[in-house]
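# Structural characterization, general
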Amino acid sequence: MTEAAGLYVHIPFCSAICPYCDFAVARGGEVDRERFVAALDREIEERGSSADEGGSPAGGPVFESARFDTVYFGGGTPSALSVEQLGAIRRRLVGAFAIDPEAEWTIEVNPEDGSAESLAGWRELGFDRISLGLQALDDRALRFLGRRHDAAQARASVERAREAGFRSVSIDLIYSLPGFDGGWWLRTLDEAAALGPDHISCYELTIHDGTPFGRRRDAGRLRETGEDERAANFVATHRRLAELGYKGYEVSNFARRESDRSRHNRKYWRHQPYLGLGPSSHSFAGRSRWWNVAPWRDWSAAVAGGDSPVAGREELADDQLLLEAVMMGLRQRSGIDCAALKSRFGIDPAAGARGQIEAWEKAGWLRARGRRLVPTLEGMARADRLAREWRLP
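Right, let's walk through the structure included here. Computed from a predicted model, the values in this text were never measured in an experiment. (Residues numbered from 1 in each chain as written. Predicted model: local features only at pLDDT ≥ 70, side-chain atom pairs only at ≥ 80, totals over all residues. Heavy atoms only, no water.)

Looking now at the overall build of the protein. Scanning the protein from N- to C-terminus turns up 15 helices and 15 strands. Computed over its C-alpha atoms, the radius of gyration of the protein comes to 21 Å, within 12% of the 21 Å expected for a compact globule of 393 residues. Here the C-alpha coordinates of the protein stretch approximately 60 × 50 × 45 Å along the principal axes. Buried positions account for 53% of the 393 residues belonging to the protein. Put simply, 69% of the contacts in the protein that link residues at least 6 apart link residues at least 24 apart. When the accessible area of the protein is evaluated, it comes to approximately 17000 Å², of which 46% is carbon and sulfur surface. Across the protein, the mean location of the 54 positive side-chain charges is 5 Å away from that of the 58 negative side-chain charges. (Helix = DSSP H or I, 4+ residues; strand = E, 2+ residues; numbered from the N terminus. Rg over C-alpha atoms; globule rule 2.2 N^0.38 Å. Buried < 20%, exposed > 50% of the residue type's maximum accessible area, 1.4 Å probe, protein only. Contact = heavy atoms within 4.5 Å. Areas by Shrake-Rupley, 256 points an atom, 1.4 Å probe, with all protein chains shown as cover. Lys, Arg positive; Asp, Glu negative; His and termini not counted. Charge placed at Lys NZ, Arg CZ, Asp CG, Glu CD.)

What follows is the structure in structure tokens.
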């Protein structure tokens, strides 16, 4: 493996489960957290030793001699663990894997967990990038989303993270909330930018089956925002944040400077290798993808019993990889590098989609820039649709 890889650690615990969430999360007490840390310690040891021995209990390709230049603690809520527990995990990772001394270390945090003491502790552990799950900046929206913090805590957490000395402070926000109009959302963006984060992620509210929001929708008690309104909100988001100094580089992500862009997330979008640890985590290398069991107790039992925690795996053919690369290109402002993909796969990704591309150019959704096809804002708003309709040669 010649490319630097990314390392993802999934911490499944949350103090409360948000009504829109369909991630692999769970509520857990101190005993559960200790059991989780012990299981993660064993998985790290097994994954690390497998690379040294030339084997892989994951059943995927070996990350033999891999160098990792990004480490991302996500969830769930990594801040649900104590600083001491996070420190133990970090030490185990550094001992088991070849992690670049200049690696980007990211931790996801809920605002109510971000005390000055905790922030200082995370910073001392070596986390240099923090992602704060604000989601909204007024109390009414936060209550609707089932969040435990209030607007004052959200604002204070950004200020305290900056004071703690994190190199990059990122915040998450959610838009297209039923009952909240476009004016509310633009005010939220203005207030968010005024806090001075380095990076902003804006996610459209998606109502998933089986969640509390999904059940409310099915019962007719929650109206899902329409497609036209969502598209308008998307375009308005990119335009307003650009005015405020945050350039959108992906469908949901905005940064003040190129150095503030998430190095770890870009590995997912660019087919670069990454190794996932913990329940529900995914891994990818070459043309192989595999993923762990989602329920944390099942994952923990497998690891503790010496069994593989892998729930499934797939080997991707060239046409699948190429179509994924097209799909991810449509989600990024840099677009699709047709020459690079032809060199990689021996196939021009645009050759079979000439008719669609011409139609999308006329509609103002796509622009040709030499051998690169770049989506406009209107095109990025329809990225999933364009990917579904794309035809390979």
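The next point concerns the packing of aromatic side chains. Throughout the structure, instances matching the rule amount to 18 aromatic pairs. Ring centres of Phe73 and Phe127 lie 5.0 Å apart, and the angle between their planes is 80 degrees; this geometry places the pair in the edge-to-face category. Here Phe127 lies in the loop between helix H3 (116-125) and strand S4 (129-135) and Phe73 lies in strand S2 (residues 67-75), a separation of 54 residues in the sequence. Residues Phe73 and Phe127 agree in their burial class; the two are buried. Note that Arg90 overlies the ring of Trp105, its terminal NZ or CZ placed 4.2 Å from the centroid. (Phe/Tyr/Trp six-rings, centres within 6.5 Å; stacked < 30°, edge-to-face > 60°. Lys NZ or Arg CZ within 6 Å of the ring centre and 35° of its normal.)

Our next topic: the pattern of salt bridges. Tallying each qualifying case throughout the model produces 31 salt bridges. Here Asp69 and Arg263 are joined by a salt bridge, their closest N and O atoms 3.9 Å apart. Of this pair, Asp69 sits in strand S2 while Arg263 sits in helix H9 (residues 263-269); the two residues are 194 residues apart in sequence, bridging distant segments of the chain. Residue Asp69 is classed as buried on the basis of its relative accessible area, which comes to 15%. (Salt bridge = Lys/Arg side-chain N within 4 Å of Asp/Glu carboxyl O.)

Consecutive side chains along a regular strand alternate between the two faces of the sheet. Along strand S9 (residues 274-277), one buried face is formed by Tyr274 and Gly276 and the opposite face, lined by Leu275 and Leu277, is buried too. As paired strands, strand S1 (residues 5-11) and S9 are joined by 4 bridges and run parallel to one another. Within S9, the residue paired with Gly6 across the bridge is Tyr274. (Pairing = 2+ DSSP bridges.)

Further remarks concern the environment of Leu277. With respect to the secondary-structure elements, Leu277 resides in strand S9. Here Leu277 falls in the buried class, since its relative accessible area comes to 0%. Linking Leu277 and Ala304, residues 27 residues apart in sequence, is a C-alpha distance of 14 Å.

Looking now at the state of the cysteines. Tallying each qualifying case throughout the model produces 0 disulfides. Cysteine Cys14 remains unbridged, with the sulfur of Cys21 as its closest cysteine sulfur at 6.3 Å. Its relative accessible area of 14% is what places Cys14 among the buried residues. (Disulfide = S-S within 2.5 Å.)

A few words on the sheet that holds strand S13 (residues 336-337). Taken in spatial order, the 3 strands of this open sheet run S13-S15-S14, and their pairing is antiparallel. Pairing within the sheet leaves two strands with one partner each, and these edge strands are S13 and strand S14 (366-369). Where S13 meets strand S15 (residues 372-375), 2 bridges bridge the pair, whose relative direction is antiparallel. Paired with Ile336 across the two strands is Leu373, which belongs to S15. Relative to the sheet, helix H13 (residues 354-363) contacts S14 and S15, its axis offset from that of S14 by approximately 110 degrees. (Axes fitted to C-alpha atoms, helices over the stretch in contact; angles between N-to-C directions.)

The omega angle of the peptide bond from Gly75 to Gly76 is 20 degrees, so this bond is cis rather than trans. Topologically, Gly76 is positioned in the loop between S2 and helix H2 (83-96). With a phi close to 70 degrees, Gln135 is a non-glycine residue in the positive phi region. Take Gln135: it is sitting in strand S4. In this structure, Ser280 is a non-glycine residue whose phi angle is positive, near 70 degrees. Within the secondary structure layout, Ser280 lies in the loop between S9 and strand S10 (282-285).

On to helix H12 (residues 338-345), then. Among all positions in H12, only Cys338, Leu341 and Phe345 are buried. Here the buried residues of H12 occupy an arc of 65 degrees about the axis, which is enough to place them on one side. Against helix H11 (318-330), S13 and S15 lie the buried residues of H12. The backbone nitrogen of Ala339 lies 3.3 Å from a side-chain oxygen of the residue at the head of H12, namely Asp337. (Arc of directions from axis to C-beta. Polar contact = N/O pair within 3.5 Å; in protein donor to acceptor, adjacent residues only side chain to side chain.)

Remember, this is a structural readout, not a statement about activity or role.
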